[in-house]
Amino acid sequence: MLPSSAQERRSLPGSEERQKMKQVQAKEVAIVLGSGGFRGPAHVGVLERLKELGVPVHSMIGCSVGSIVSAYYAAVGLPVEDLLESAFGIKLMGVFSHAVTLRSEGKMGRFFARWSYPIHHQLDRLEQYDFRRLHHGVRRIGFLMHDLVRRERIFAVTGLERGFSLSEAVRASSRVPFLFPPMRKEVDGLERRLVDGGLSSPTPVVHAVSAPVSATHIIAVDLTPSRKRAKHSELVRWQKLLGDRLLVLRPRPRTSEGRPGGQRFVEAPPTDHPVRVLENLIEMRNVVSTLLDRVILGDSPSRRLWFARRMPDSYLRRVQGADFRATMRWVASRSAFYRRRFAEHGVDPEAARCPADLGDLYTTSHDLLTNPIEDFLCDRPQAGFETTGTLSPKSKKVFFSLEEMRDMGRDGAAGLWAFGVRSEDRVVSALDLPFWNAGAALRAATQILGCFLVEAGKLPPEEFFERARDYRFNVMIVEPSWIVSLTEVAEKMGTWPVKLMLVGGENMSEQSRRYVEEVWNTNLYLTYGQTESFGTAGSECSRKNGYHLQELKFWFEIPEPDEERNGELVFTTLSRRVMPLLRYRTSDVTSFMEGSCNCDLRALRRISKIRGRCDEMVNCGLGNISPWMFERLLEGVRGIGHDWQVVTTRPGLRDVVEMRVELSNGASQESVERQIMASLGERFPDMERNISMGLCELRVLGQPQGSLRTGRKLRSIVDLRKALFSAEASVPVMPPS
C-alpha cells in the first residue's frame, strides 16, 4: 500500500546519480511521472530531492497518479511539503467511494459522498487552473490518456491542449479502467472514451523527447515493481537510444525483514493494473468488498461470467481471506452467540485467518433451533424464511437484508446466464412458496436478467399442466419429485418446447433425470443450496459433472474426509451482515472434485453430487448404508415410482431393513421384490452375503402411489433403532452380585 516517506527518500539518487544530475543543470530538463497507484508519493519524494539538489524542471509529463502530482505541483503551485501531505492523505476508502459516486447518482452515490468529498474537492479545485500559468519554473505540462475505443494514446500538452481543460486532462489520465467509468469527450473530431494513460505507456518518455516538449535531458520515475514488465518496457529502448540523457529512478523494494534491499524488483503485477487495484481494494472490510463487486461487475451477468472465466485463484483466495477476517470482526462485535462460542473455545477473532483456525467451533441446525434467534442477528433484518430440513418438526429461521438478497440475485443471474437463460425467455417457478426462500431467490435473479416470470407455486401437476400450457414456458424451475409427476402427465398429454429445466430443493436420482429429459427432450440441471445460504450455493457444471461452488460468497470445507475423500460439507458466509454463519454444518456428504472442467465456471471448485446426509447414513446389519446405494440399487427396476424410503428397525435380535417403494403400472410386490434382490446380488454382493448369513433381513414393501411423501422433503433413510438405543442407554447398569 502507501510507502513511508522515509522509505521513498532512501530510494532516491545516491552519489552516482547526484553527479549525473549536476551535469544536466541549465539544460532543457523534463521529468516523466508514470503510473503507480498508491505508490504515487514516491513522485513527490523525487520532486523534493530535485529541489534540494537545485535541479531545474522545465517540463512535466504525467499519466495516472503522475498526472495528479504534476498538476498540483506545476499548475496549482503547491509546495512539496503540502503536496506530500496531500498525497498521504488520500485513503483507499476515499478512492473507492469516488468510484462509486461516479457510477451511481442514486442513494448509494449519496451515501458514499461523505468519504469521496476530499477527492471531489481536490479535483474540482483544478477547474481554476490551466496549462499555461505554471509554477516552480515549469514551462510546459502534459498528460497522457488512453482511448478505449481506438486503443490509442491521446496526449495533451501546453500549446497543444487539443480542446482539454487542465481538469479534464487530469481526470481522464487518472481514471483506472474497470474501477472508474471512462470519460467521454470529442477529440480531433472523434468521440473518445478516455481512461488511465498507463494502459498506453506506464512511463511515457516518448512525449518528453518529441515536440513540443523536445527535452534534452529526461528524468523518468518508474514505479513499476515487476522486473519482467520493466525489462520489456519502452524505458529499456529509450535508455539505449538516449544513454546518459535519460535517468530512470525506481523505488527500492523492502527485503523480507522490511529494510530496503538492493536494486531488485518485486515480482508482482504493477500497482496501477486493474487486477492489482482490485486486490488492494479487497483489504477493506467485507461490506466494501461486496459493494466493490457490485460497482465493478455490476448487474451485468455477462460481465460477471466474463470475470469468472478469468478470475485467478490467487485473487479468489485473497478475497476469501479478507472477507473472512472482516466477518470475524463483525460477529465478534455484534453476535452474542458467537461471542459465547469464542470464549468457550478459546478463539481470538483477531488472530483467525481461515475457518480451520476456529478448531472445533461449528454452527449446527441444533444451534439455530435452541438459541434465541436474536443472538445470531448482527444487523436489522428485512426478510426472513424458514427451513424444516428432514429431522426436526420445528422450523429453523434465517434472516437477510434486502441488499443481501439483491446481491445473491446478481450471482444467481450469472448462473442462469451460464446455462443459457436470456431476457427473452419465459420462466415459470413451480417451487413451494410459503416461508421458503426459493421463490425470492429466483425472483431476484430473473429481475436482473429481465425475464418474463410467473410464480405458479407447487400446484398439483395436472392443474399446473392445464394452466401452464398456454404460456409455453421454455425455462422451468422445479422440485425433483414434482417434475417427475408432471412428466408422467406430459407423457400422456403431450409436451411443449422447453430450453432447459433447473431443479432444486432436494437430490434427484440419475434415473429420474434421464426420464424427465427424454420425455421433454431437454436438459435438466441440478442446483445445490439451502435456506441458510439463501438458495443456490453451487450450480451444476454445464457438462453435468459436479457442482461449481459460489466461493466469492462462501468459504467451503470438508473438515474430516474419509478414505475416499467424502465428508460433511461446511460453509462460512463471507458477505452477510444480518445473520452471518461460521462453519455451518450442512449435513450433506460430498467430496471436492480434482482437476478442472472447460465450462464457463471453471475457475470455481467443484463438489461431487450429494451422496447423502450425515443423519441418513446408517450402520446396520446390512452394512454402512446411505441413499446413493439405494438409488443405484433401484436403477432399471420396473413397476415402481420415483419416491422410495428405507426404514431400519430392530423388532427382535436382528436388524430389519424395510425398503418401501411406490408400485405403479399394476406391478405386483413379488415381481418388484425379485428385481430388487437380483439387483442387490449384482451390484452389492457384500450386502447379499450379510443377508444370507442371517446378519440382517431385507423386506420390500409396496406402497400406493403418492403415499410416501407427506411434506416438502422426503427423508430417504430413517433409523427407528435410535429410540431403542436411547432407551437402553437410559437404563442403569446393575453391578455384578
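Cut-off values and rules
Residues numbered from 1 in each chain as written. Predicted model: local features only at pLDDT ≥ 70, side-chain atom pairs only at ≥ 80, totals over all residues. Heavy atoms only, no water. Helix = DSSP H or I, 4+ residues; strand = E, 2+ residues; numbered from the N terminus. Buried < 20%, exposed > 50% of the residue type's maximum accessible area, 1.4 Å probe, protein only. Areas by Shrake-Rupley, 256 points an atom, 1.4 Å probe, with all protein chains shown as cover. Core = buried A, V, L, I, M, F, W, Y, C linked by side-chain atoms within 4.5 Å. Contact = heavy atoms within 4.5 Å. Axes fitted to C-alpha atoms, helices over the stretch in contact; angles between N-to-C directions. Left-handed = near helix turned anticlockwise from the far one by under 90°. Nonpolar A, V, L, I, M, F, W, Y, C, P; charged D, E, K, R; others polar. Pairing = 2+ DSSP bridges. Salt bridge = Lys/Arg side-chain N within 4 Å of Asp/Glu carboxyl O. pLDDT = per-residue confidence, 0-100. Polar contact = N/O pair within 3.5 Å; in protein donor to acceptor, adjacent residues only side chain to side chain. Right-handed = clockwise from strand over helix to strand, strands pointing away.

**Q** Where do I start with the overall build of the protein chain in this structure?
**A** A count of helices and strands for the protein chain gives 26 helices and 28 strands. In the protein chain, buried positions account for 55% of the 737 residues. Put simply, the protein chain shows about 32,800 Å² of open surface, and 50% of that area lies on carbon and sulfur atoms.

**Q** Got a minute to help me understand the nonpolar core in this structure?
**A** In terms of nonpolar packing, the biggest core is built from 70 residues, with M476, I483, V516, W520 and M579 touching the most fellow members. No other element matches helix α21 (residues 480–493), which puts six residues into this core. Filtering out sequence-adjacent residues up to four positions away, I483 remains in contact with M476, V478, M501, M508 and V516. Residues V44, L50, V55 and L78 belong to the second largest nonpolar core, which totals 45 residues.

**Q** I'm lost on the packing of α21 against helix α22 (residues 510–520) in this one. Help?
**A** Two packed helices can be described by the angle between their axes and the distance between those axes. At their nearest, the axes of α21 and α22 sit 10 Å apart, and the two run at 35 degrees to each other. Crossing of α21 against α22: the hand is left-handed. For the pair α21 and α22, contact is made by I483, V484, L486, T487, E488, A490 and E491 and by S512, Y515, V516, V519 and W520, respectively. A per-class count over the contact of α21 with α22 returns eight nonpolar, two polar and two charged.

**Q** Whenever I open this one, the sheet that holds strand β20 (residues 584–590) confuses me. Can you help?
**A** The four strands lie next to each other as β18-β19-β20-β22, forming an open sheet whose pairing is antiparallel. Of all the strands in the sheet, the pair left with one neighbour each is β18 (554–557) and β22 (612–613). Of the pairings in the sheet, the one linking β18 to strand β19 (residues 567–573) comprises four bridges and is antiparallel in character. Within the sheet, the bridge partner assigned to F554 lies in β19 and is T573. Across the sheet, helix α15 (residues 313–334) lies against β18 and β19, angled at about 100 degrees from β18, the strand it touches most.

**Q** What should I look at first to understand helix α8 (residues 166–173) in this one?
**A** An α-helical turn contains 3.6 residues, so any two residues separated by three or four positions project in the same direction. Most of α8 is tucked away, with seven of its eight residues classed as buried. What α8 keeps buried is the set L166, S167, A169, V170, R171, A172 and S173.

**Q** Help me understand the pattern of salt bridges in this model?
**A** Pairing is possible between side chains that carry opposite charge, provided their charged atoms lie close to one another. Scanning all chains against the criterion turns up 38 salt bridges. Across the pair D313 and R317 runs a salt bridge whose closest N-O atoms are separated by 3.2 Å. Of this pair, D313 and R317 both sit in helix α15, four residues apart, which is roughly one turn of that helix. Residue classification places R317 among the partly exposed positions, given a relative accessible area of 28%. One connected set of salt bridges, linked through shared partners, spans R304, E403, R406, D407, R410, D411 and K553.

**Q** Would you mind showing me how to read the sheet that holds strand β13 (residues 475–478) here?
**A** In any sheet, the strands associate via hydrogen bonds between backbone groups, in a parallel or an antiparallel arrangement. Spatially, the eight strands line up as an open sheet ordered β12-β11-β13-β14-β15-β16-β17-β21, and their pairing is mixed. Every other strand in the sheet has two partners, leaving β12 (452–455) and β21 (606–607) as the edge strands with one partner each. Note: strand β14 (residues 500–503) against strand β15 (residues 523–530), four bridges, orientation parallel. Opposite V503, over in β15, you have L526 as the bridge partner.

**Q** Hey, could you run me through the confidence of the model for the protein chain in this one?
**A** Note that predicted coordinates carrying low pLDDT should not be read in detail. Averaged over all residues, the pLDDT of the protein chain equals 79, while 78% of them reach at least 70. Of all helices and strands in the protein chain, the one with the weakest mean pLDDT is helix α12 (residues 274–281) (37), whereas β18 scores best (96). Predicted confidence is poor over residues 1–13, with pLDDT under 50, and the contacts of this stretch with residues over four places away or in other chains come to 34 contacts. Contacts for the low-pLDDT stretch residues 254–292, under 50 throughout, to residues beyond four places or in other chains number 103 contacts.

**Q** Sorry if this is basic, but what is going on with the environment of E510 here?
**A** On the secondary structure map, E510 appears in helix α22. With relative accessibility at 29%, the residue E510 sits in the partly exposed group. Residues E510 and R632, spaced 122 residues apart in sequence, show a C-alpha to C-alpha distance of 8.8 Å. Within the structure, the side chain of E510 is placed 3.2 Å from the side chain of R513, a separation counted as a polar contact.

**Q** I keep staring at the side chain of Q675 and nothing clicks. Help me out?
**A** Following the sequence through the fold, Q675 ends up in helix α24 (residues 669–683). Under the relative-accessibility criterion, Q675 is labelled buried at 18%. What Q675 contacts, discounting residues up to four positions off in sequence, is G636, V637 and R638.

**Q** Can you help me understand the environment of R406 in this one?
**A** One can find R406 in helix α18 (residues 402–419). Classification of R406 by relative accessible area gives partly exposed; the value is 42%.

**Q** For this particular structure, what's the right way to read the pairing of β12?
**A** Residues in a regular strand project their side chains so that they alternate between the two faces of the sheet. Relative to β12, strand β11 (residues 426–429) runs parallel, the two being bridged by four bridges. Across the sheet, residue R426 finds its bridge partner in β12, namely F452. Between the parallel pair β11 and β12, the chain is carried across by helix α19 (residues 438–449), and the sense of this crossover is right-handed.

**Q** Where do I start with the side chain of D375 in this structure?
**A** By the element assignment, D375 lies in the loop between α17 (365–370) and β9 (383–387). Taking relative accessible area as the criterion, D375 reaches 15% and is therefore assigned buried. In contact with D375, not counting residues within four places along its chain, are S335, A336, F337 and R340.

**Q** What am I meant to see in unusual backbone geometry here?
**A** Comment: phi is negative for the bulk of residues other than glycine, and the bulk of peptide bonds are trans. Here A211 and P212 are connected by a cis peptide whose omega angle stands at 5 degrees. In this structure, P212 sits in the loop between α9 (206–209) and β7 (217–221). Phi is positive for K544, which is not a glycine, with a value near 60 degrees. Checked against the element boundaries, K544 lands in the loop between β16 (535–540) and β17 (547–549). Among the residues examined, K544 registers a relative accessible area of 30% and is labelled partly exposed.

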